[in-house]
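What follows is each chain in one-letter form.
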Amino acid sequence: MTEVEGQVKTDELDAEQLARRRLALAQIRQYPDSVLRMEARQVEEFDDDLVRVVERMKELMKDANGVGLAANQVGVLRRVFVFSPEEDVVAVLVNPELVRKSEEVDVDDEGCLSMQGIAIPVARPVSVRIEGRDERGQEVAFDLDGLPARIAQHELDHLDGTLILDRTTDEGRREALAALRPRLLIR
């Protein structure tokens, strides 16, 4: 059974999968890269360029062993994300809008492909409806519960320049920042 923490599956990986993951992560912007704090722009044109960006994002997400990836995580400031609402399915949302969220909230640990090695508690509505378009401009909508709802909200946050550091407790933020702080090398 695959476990998921935020954007990251916690499967055991073989040597080839580990190599693919390292290569993919090298292409994903890492905290504190300033692009992660920038708000993405609406997509105006549904063209071949957008299709190529989405295909690249799908491959990077899969190779990184992730369950979601926003365009600004790959340095593209467009309102696009890919995610896995269920096992072996990758969905695309362009210009996504959260149109409904439950009043019921759940706190769970989340990780992020842009913040390797941390998992911190984040409170989120347990169900949402999110609408947008796919990479070809066709309208799409998802009614999501549980983990898929959490993933979609996490990715939507990325498009707004919001990180899990902004949504956690003070203690969670302190622990995460300590883990993310570059280590001093003593020679």
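Rules of the game
Residues numbered from 1 in each chain as written. Predicted model: local features only at pLDDT ≥ 70, side-chain atom pairs only at ≥ 80, totals over all residues. Heavy atoms only, no water. Pairing = 2+ DSSP bridges. Helix = DSSP H or I, 4+ residues; strand = E, 2+ residues; numbered from the N terminus. Axes fitted to C-alpha atoms, helices over the stretch in contact; angles between N-to-C directions. Contact = heavy atoms within 4.5 Å. Core = buried A, V, L, I, M, F, W, Y, C linked by side-chain atoms within 4.5 Å. Buried < 20%, exposed > 50% of the residue type's maximum accessible area, 1.4 Å probe, protein only.

Quick notes on the sheet that holds strand S4 (residues 80–83)
Right, on to step 1. Across the sheet, which stays open at both edges, the five strands sit in the order S3-S4-S5-S8-S9 with antiparallel pairing between neighbours. Looking at the sheet topology across the chains shown, the edges are occupied by strand S3 (68–70) and strand S9 (139–145). Neighbour-to-neighbour, the strand axes of the sheet open up by a mean angle of 40 degrees, direction not taken into account.
Right, on to step 2. Pairing of strand S5 (residues 91–101) with strand S8 (residues 127–133), which is carried by five bridges, proceeds in the antiparallel orientation. In the sheet register, Arg100 faces S8, and the bridge partner there is Arg129.
Right, on to step 3. Each of S3, S4, S5, S8 and S9 is contacted by helix H3 (residues 147–159), which is oriented at about 155 degrees to S4, the strand it contacts most.

Some points on the nonpolar core
As a rule of thumb, soluble globular proteins bury nonpolar side chains together.
Right, on to step 1. If you look at the biggest cluster of nonpolar residues, it comprises 20 residues, and the most contacted ones within it are Met57, Leu69, Val80 and Val82.
Right, on to step 2. Every element with two or more residues in this core is listed here: helix H1 (15–26), helix H2 (48–63), S4 and S5.
Right, on to step 3. For this core, the leading source of residues is H2, giving six residues.

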